[in-house]
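Close look at the chain arrangement
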Amino acid sequence: MSLSITTKIQWTCCLFLALVALSHSNSIEPSNFFATSNSNETHVFVKHPLGAPLIIQDGRLVACSRRNLYAFEGNGSVAWIVPLVFSCREDIAPVTDDRGKIYLIAENTVLEINPSRIGSFMPPSKALYSHNSSEEILGLSISPEYLSIFITIRNRGLFSFFLRDIQWSIGPTLQWLGYTQGCMNDPLNCYYNSAPVVDLCEGTLYVSNTDGQLYSVYIRNPQFRWIQDLGMFGTMMVITPGNNGLVYATFSKQAIVVCLDAFTGNITWQQTVGPLSSEMLFPLVDSNGWISIGSLDGALYSISPTGDLKKLLEETPSESVIQASPTLDCSGFAVYTSQTRLDSKIIHNVGSTSYVSGMKPVQVRFTLLAPATGTVYWTGDYPGEVSDLLLKSDLQNFIVDERILLAFLSSGRIGNTLQCYTTGQRTSWTCSQAEPKFPTTNSGDEDINLLFLLVQTIVLVVLSVIVRFCCIFWRKEKLKNNGLRGFLKKRRFLHNKKKELNKLISKLEQKAIEDATKNETLEDLGQIVKRKEGIEKKLNSCYSLGRDYTVSSGAVPSILPLFNGKMKSHSFQNSRQKESITIFDTLSDSSSVEERKDNESGYSGSSSSGWETENPEVEIQEVGEDQGEIAETSRVYSNPRDQGEIAETSRVYSNPRDQGEIAETSRVYSNPIYNEIEMDLAGVERKLGLTRRTNSSTY
């Protein structure tokens, strides 16, 4: 539904003449700043209209008229006047920042007004930007948080200024990764057709183009956050940020309000309202998140953030119309609105379009109410209370419309008993109501996305483990000294040696179980266990795949002979039957001493002596591999039971640190400790019935 262009002009003229007539009927002498210097001259005082108003932080009403910018106190008296070099644009309202500076458009120039310089030697106004093009500046907005000013110029684009310098500019079409964004229908004749609007919570601004597309642009860089095509509703829209995670687009001709998610650009809901008077009718969003807009059917339509519609002020006469945008009060929770009562009104519906015609305005009623609750706090009429307030102010010297009167009532807090809040407090309150929403995926792709995320997580974990392992592994001292090849060969040798000792221990355990009276077997078993534990310490420390660390001695070995002079005890666990066995032998003093001497004499045997079985068929072959580093020796036993179970290797190390650390039986070591251990192992093998031939080597 819409109003014809002829009817819009008719309504503007009717209201304009009505307010002028009411003003002249009770005129008083103008203030001194309008008087001429020659009192004898006869002149006619001409009133000029005030442009779109702005209420600044101190509560004053600011509006421009021709080449002057005026500020009015809450009672309507003039606070200050700033002369301008250019004629200001009365259809575009000024904007202000947190520092109190005011920015406005005068002809094709953006001016900065600093009220703190009024009365000083420094001029209060200066030009920030001016362009020589004949293209019109469509609108102006500011981001106080980012100290940036934004303007749109027809057929030129969107411009961002920071401290008087241009920060960036962007057109309605952008090439990104080979794709065209924006103006898909007619790129050559497409341009921005709305003023930029800043979202104080999202760090973005909104602008529309002639194809009916709504843009969300990042403030810091010229990139589109999203583009939503609203051409199905129309190409002319009024953009209103909710500052609560929502943004609204109002299509006056179609009388539709569309709500979009500020994060994704998706349409949340849409509502149809009554016929609207102008394409530049700006809806208002209060601190509760309710958007309100007046209609020519005389009602105020208020919609909640979730899309619930309320039709307020329906009890007024049917001849009433609302053709001015409501104004927010200082609390942020209530709005001032006006209803003009006509002598007659006719509505014609032609298809989906409504045409409203009316004549002879009778009265204007102003109302202060809360859209969320519908509570009415105050009402005033013109003529009546409002006209009396106007006649007592300096506003009577100007041509004012309903926009100025609504701003005047809000600035003076007429009929308002609610607590006032600053702009920053109201913005913080509305931003806290925003609920961040993330883009949703199709239900059919959820399993694929979850699987993809799971695979990504597993890959990241594996890579982190590999990187950590490499960082730890390559810091090992043995690896630095011997190289990777030597380290791995040494580690493999230790593992083979450990397996041989485990087999030998299993045989000794079985032999000890079968004949528990032989203390020599148990003592030899303890020596073998000690040797195996030494190898395990090396595998768990300097030859492990992890970091180097010192292995603590830990608990008492599982197989150790204990002797106190009279009694020996041997404890071990049978690996086959999973049981622990402890044997106690009580000895006489003489036997104990003799046995100890025998044991001590057994350690002094030559390492070069060998052993033989009853069937002494032993063949020894030495295979050289990597001469100077490793030499391996293999054995073949005549006993079939031992064949393939026990095999020993010998190594020659070029590194002096490794010299004498590990050696085989029938070898002579430079370290005497290993000679003793080697003789212990030889004694055990002799008890098992093995005979070793002489095959000594010196390292």
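If you're wondering where the values come from, they're calculated on a predicted model, not measured in any experiment. The numbering scheme is per chain: residues are counted from 1 as the chain's sequence reads. In keeping with the model being predicted, local features are shown solely for residues with a pLDDT of at least 70 and side-chain atom pairs are shown and tallied solely at 80 or more, while totals for entire chains, interfaces and linings include all residues. The basis for every side-chain value is the complete set of non-hydrogen atoms in the structure, without hydrogens or water.

Let's talk about the packing of aromatic side chains
Convention followed: Planes of paired rings set the category: under 30 degrees apart is stacked, over 60 is edge-to-face and the rest tilted, where pairs are Phe, Tyr or Trp rings (Trp by its six-membered ring) whose centres lie within 6.5 Å. Secondary structure is summarised from DSSP: a helix means a run of H or I of at least four residues, a strand means a run of E of at least two, and numbering begins at the N terminus for each. Burial classes follow relative accessibility: with a 1.4 Å probe on protein chains only, a residue under 20% of its type's maximum area counts as buried, one over 50% as exposed, and anything between as partly exposed.
Inspection of the entire model under this criterion finds 13 aromatic pairs. Centre to centre, the rings of Tyr-248 and Trp-269 are 5.9 Å apart; their planes meet at 50°, and the pair counts as tilted. Here Trp-269 lies in strand β23 (residues 267-272) and Tyr-248 lies in strand β21 (residues 246-251), a separation of 21 residues in the sequence. For Tyr-248, a relative accessible area of 0% puts it in the buried group. What makes Trp-269 buried here is its relative accessible area of 9%. Through a chain of ring-to-ring contacts, three or more aromatic side chains come together here, namely Tyr-70, Phe-72 and Phe-398.

Regarding the UniProt feature "transmembrane region" (unreviewed entry) in the chain
Operational definition: UniProt positions are given in the numbering used here, feature names are shortened, and annotations may be inferred rather than shown by experiment.
The sites that UniProt annotates as "transmembrane region" (unreviewed entry) are residues 450-474. For residues 450-474, the helix share is 96%, the strand share is 0%, and the end-to-end C-alpha distance is 36 Å.

Some points on a nonpolar patch on the surface
Stated formally: Nonpolar side chains (Val, Leu, Ile, Met, Phe, Trp, Tyr) within 5 Å and like charges within 9 Å form the patches, drawn only from residues with over 30% relative accessible area and no salt bridge. Here the accessible surface of atoms and residues is derived via Shrake-Rupley with a 1.4 Å probe, and residues count as covered only by protein chains that are part of the display. In the sections that follow, a salt bridge refers to a side-chain nitrogen of Lys or Arg positioned within 4 Å of a carboxyl oxygen of Asp or Glu.
Nonpolar side chains collect at one region of the surface, where Leu-451, Leu-454, Val-455, Ile-458, Val-459, Val-462, Leu-463 and Ile-466 lie side by side and expose about 700 Å² of accessible area between them. Judged by relative accessible area, which is 42%, Val-455 ranks as partly exposed.

Remarks on unusual backbone geometry
In this structure, the amide linkage connecting Tyr-382 to the following residue, Pro-383, adopts the cis form with an omega of 0°. With respect to the element layout, Pro-383 can be found in the loop between β32 (376-382) and α2 (385-391). Residues other than glycine seldom take positive phi values, yet Arg-66 does so here, at roughly 55°. Looking at the element boundaries, Arg-66 is found in the loop between β3 (61-65) and β4 (68-72). Backbone geometry places Leu-313, a non-glycine residue, at a positive phi of 60°.

Quick word on the state of the cysteines
The following threshold applies: Disulfides are defined in this document as cysteine sulfur pairs within 2.5 Å.
Throughout the structure, instances matching the rule amount to 4 disulfides. Disulfide pairing is shown between Cys-183 and Cys-190; the S-S distance is 2.0 Å. Given an S-S torsion of about -60°, the disulfide between Cys-183 and Cys-190 has left-handed geometry. A single burial state applies to Cys-183 and to Cys-190, both of which are buried. Through a disulfide, Cys-201 is tied to Cys-431; the S-S separation comes to 1.7 Å. Residues Cys-201 and Cys-431 are joined through a disulfide that is left-handed, its torsion about the S-S bond being -85°. Note that Cys-201 is positioned in the loop between β16 (197-199) and β17 (204-208) and Cys-431 in helix α4 (residues 423-432), a separation of 230 residues in sequence. Given a relative accessible area of 26%, Cys-201 falls into the partly exposed group. The exposure class of Cys-431 is partly exposed, given its relative accessible area of 24%.

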